[in-house]
Amino acid sequence: MRYPELGFYTLGGQPTSPREMFDEVRLGEELGFGTAFLSERFSIKEAASLTGAMGAVTTDLRVATAATNHNTRHPAVTAAWATTMHRLTEGRFTLGLGRGLAPQLRAFGLPPVTTAQLEDFIGLMRRLWRGETVVDHDGPAGHWPALKLDPTFDEDIPIALTAFGPQTLALAGRAADAVVLHTFFTDETTARCVRTVREAAERAGRDPASVAVWSCFATVPDHLPEEVRLKRTVARLATYLQVYGDLLVRTNDWDPADLERFRADPVVAGLGGWADIVATREEIEHIATVLPDDWMAPAATGSPERCAKAVAAQFDLGVDGVIMHASTPAELAPVVENYRRSA
């Protein structure tokens, strides 16, 4: 049985080979997941190559980027890639866009991504997929003398946005087909994000139900080794706080004083990189004592049965889909089985 409302990320963490993806997506499809998501990284996780491979070794599983950046490829290249994937997979591809990490983009000589740029770029993709020739485009996304694919095109390719703040959520509501929320969002934050997307869609004259909202929900069952669970929960949240702690704390309405205590902790301050990459088990165990308990709560942990119930409870918040984040399909198999029993 297929569960279109369930998703997973392939090649999570720090994979040693992109070929690990083959077994993951095949098993994910066999277990009944609806969508496999890929988060692009500038290492061995280049999105165009991997999504093509994902589409080639599956038959029913949807393939989505969550996310890639609009400004790291020429718009004609991105539009052609998406069209190729759309036809290769017979409509199973979703082009997911995001803002990316501002420090990394600056290092590459690229400006920070704005909401206006994303909206402009989405409009360009829609026009190119309809076979239009775009002449002398000069907008927030950039200036191009001429953009053209094929005048016979009339493609309906879904676009998703990974969203954190209200501006991106509202953009998803008025211009995208789906939105992927961030991990470790509280229930209150998730419900508020759903409302923001639905209200923006309605203001734009769209059917609010036409924009799928995905919860990205850390799902780390207790049959995994404790060290693995610590890395995928405590260390992963710590990394998010290192990268964009102010935004996550503000979004969840957490106490900023707790974030300052986290940053001032000598173990955290002494880490030579992101916590989920460089921290030792002892350091992660210490960090667990620094983080407030309620900051760790927005996740599915415990037995597979308990994880399945927590995943199902996400739908009570108004989301349309749940990405079981931080675990592989093989690790999630008992959770999916329990979800199946209760569905």
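Look up a bit, the structure's there.
Since this is a predicted model, take the numbers as computed values, not measurements. (Residues numbered from 1 in each chain as written. Predicted model: local features only at pLDDT ≥ 70, side-chain atom pairs only at ≥ 80, totals over all residues. Heavy atoms only, no water.)

**Student:** Which parts of the structure should I look at to understand the nonpolar core?
**Tutor:** In summary, soluble globular proteins display a tendency toward joint burial of nonpolar side chains. Residues Phe 33, Leu 241 and Phe 262 are the most contacted members of the largest nonpolar core, which totals 93 residues. With 9 residues, the top contributor of residues to this core is helix 8 (residues 226-252). When residues no more than four places from it in sequence are discounted, the contact partners of Leu 241 are Leu 248, Val 249, Leu 259, Phe 262, Arg 263, Leu 291 and Trp 295. Core analysis: the second largest hydrophobic core is formed by 10 residues, Phe 37, Ala 64, Ala 66 and Val 180 among them. (Core = buried A, V, L, I, M, F, W, Y, C linked by side-chain atoms within 4.5 Å. Buried < 20%, exposed > 50% of the residue type's maximum accessible area, 1.4 Å probe, protein only. Helix = DSSP H or I, 4+ residues; strand = E, 2+ residues; numbered from the N terminus. Contact = heavy atoms within 4.5 Å.)

**Student:** Just to check I follow, could you spell out the packing of helix 1 (residues 20-31) against helix 15 (residues 329-342) for this structure?
**Tutor:** Helix-helix packing is described using two parameters, namely the angle between the two axes and the distance between the axes. The contact between helix 1 and helix 15 brings their axes to 10 Å, and the two run at 10 degrees. Compared by their axis directions, helix 1 and helix 15 come out roughly parallel. Where helix 1 abuts helix 15, its residues Glu 24, Leu 27, Gly 28 and Leu 31 lie against Pro 329, Ala 330, Ala 333, Val 336 and Arg 340. Residues of the contact of helix 1 with helix 15, tallied by class, amount to 6 nonpolar, 1 polar and 2 charged. (Axes fitted to C-alpha atoms, helices over the stretch in contact; angles between N-to-C directions. Parallel < 35°, antiparallel > 145°, perpendicular 65-115°, else oblique. Nonpolar A, V, L, I, M, F, W, Y, C, P; charged D, E, K, R; others polar.)

**Student:** Got a minute to help me understand the environment of Glu 119 in this structure?
**Tutor:** With respect to the helices and strands, Glu 119 occurs in helix 5 (residues 115-129). Owing to a relative accessible area of 32%, Glu 119 belongs among the partly exposed residues under this scheme. Between the C-alpha atoms of Glu 119 and Arg 174, which are 55 residues apart in sequence, the distance is 9.4 Å. Apart from residues no more than four positions distant in its own chain, Glu 119 is found in contact with Leu 171 and Arg 174.

**Student:** So what exactly am I meant to see when it comes to the packing of aromatic side chains here?
**Tutor:** All chains considered together, the criterion is met by 11 aromatic pairs. Ring centres 5.1 Å apart and planes at 75 degrees place the aromatic pair Phe 37 and Trp 214 in the edge-to-face group. Of this pair, Phe 37 sits in strand 2 (residues 33-38) while Trp 214 sits in strand 9 (residues 212-221), and the two are 177 residues apart along the sequence. For Phe 37, a relative accessible area of 4% gives the class buried. Note on Tyr 240 and Tyr 244: the rings are 6.1 Å apart at their centroids and 10 degrees apart in plane angle, and the pair reads as stacked. Note that Tyr 240 and Tyr 244 are positioned in helix 8 at a spacing of 4 residues, about one turn of the helix. We classify Tyr 240 as buried; its relative accessible area is 11%. (Phe/Tyr/Trp six-rings, centres within 6.5 Å; stacked < 30°, edge-to-face > 60°.)

**Student:** Help me understand the pattern of salt bridges, please; the structure alone is not making it clear to me.
**Tutor:** When their charged atoms lie close together, side chains carrying opposite charge are able to pair. Per the counting criterion, the structure on display carries 18 salt bridges. When the shortest N-O distance is used, the salt bridge between Glu 40 and Arg 73 registers 2.7 Å. A residue pair is termed long-range when its members are at least 10 positions apart, and Glu 40 in the loop between strand 2 and helix 2 (47-56) and Arg 73 in the loop between strand 3 (62-65) and helix 3 (75-88) qualify at 33 residues. As far as the burial class goes, Glu 40 and Arg 73 line up, both buried. Because the salt bridges share partners, they merge into one network encompassing Glu 40, Glu 46 and Arg 73. (Salt bridge = Lys/Arg side-chain N within 4 Å of Asp/Glu carboxyl O.)

**Student:** Would you mind showing me how to read the environment of Ser 17 here?
**Tutor:** With respect to the helices and strands, the residue Ser 17 is situated in the loop between strand 1 (3-9) and helix 1. Spatially, the C-alpha atoms of Ser 17 and Cys 307 are 29 Å apart, while their sequence positions differ by 290 residues. Dropping the residues within four chain positions of it, Ser 17 is found in contact with Leu 11 and Ile 44.

**Student:** Honestly, the state of the cysteines in this entry has me stumped. Any pointers?
**Tutor:** Note on terminology: disulfide describes a covalent bond linking the sulfur atoms of two cysteines. Under the defined criterion, the tally for this structure stands at 0 disulfides. Distance from the sulfur of Cys 307, which forms no disulfide, to the nearest cysteine sulfur (Cys 216) is 15 Å. Residue Cys 307 is classed as buried on the basis of its relative accessible area, which comes to 0%. (Disulfide = S-S within 2.5 Å.)

**Student:** Would you take a moment to explain the environment of Ala 279 for this structure?
**Tutor:** As for its position among the elements, Ala 279 is in the loop between helix 11 (275-278) and helix 12 (281-290). When its relative accessible area of 7% is taken as the criterion, Ala 279 is described as buried. Separated by 260 residues in the primary sequence, Ala 279 and Arg 19 place their C-alpha atoms 26 Å from one another. Setting aside residues up to four positions removed in sequence, Ala 279 forms contacts with Lys 231, Leu 271, Trp 274 and Ile 284.

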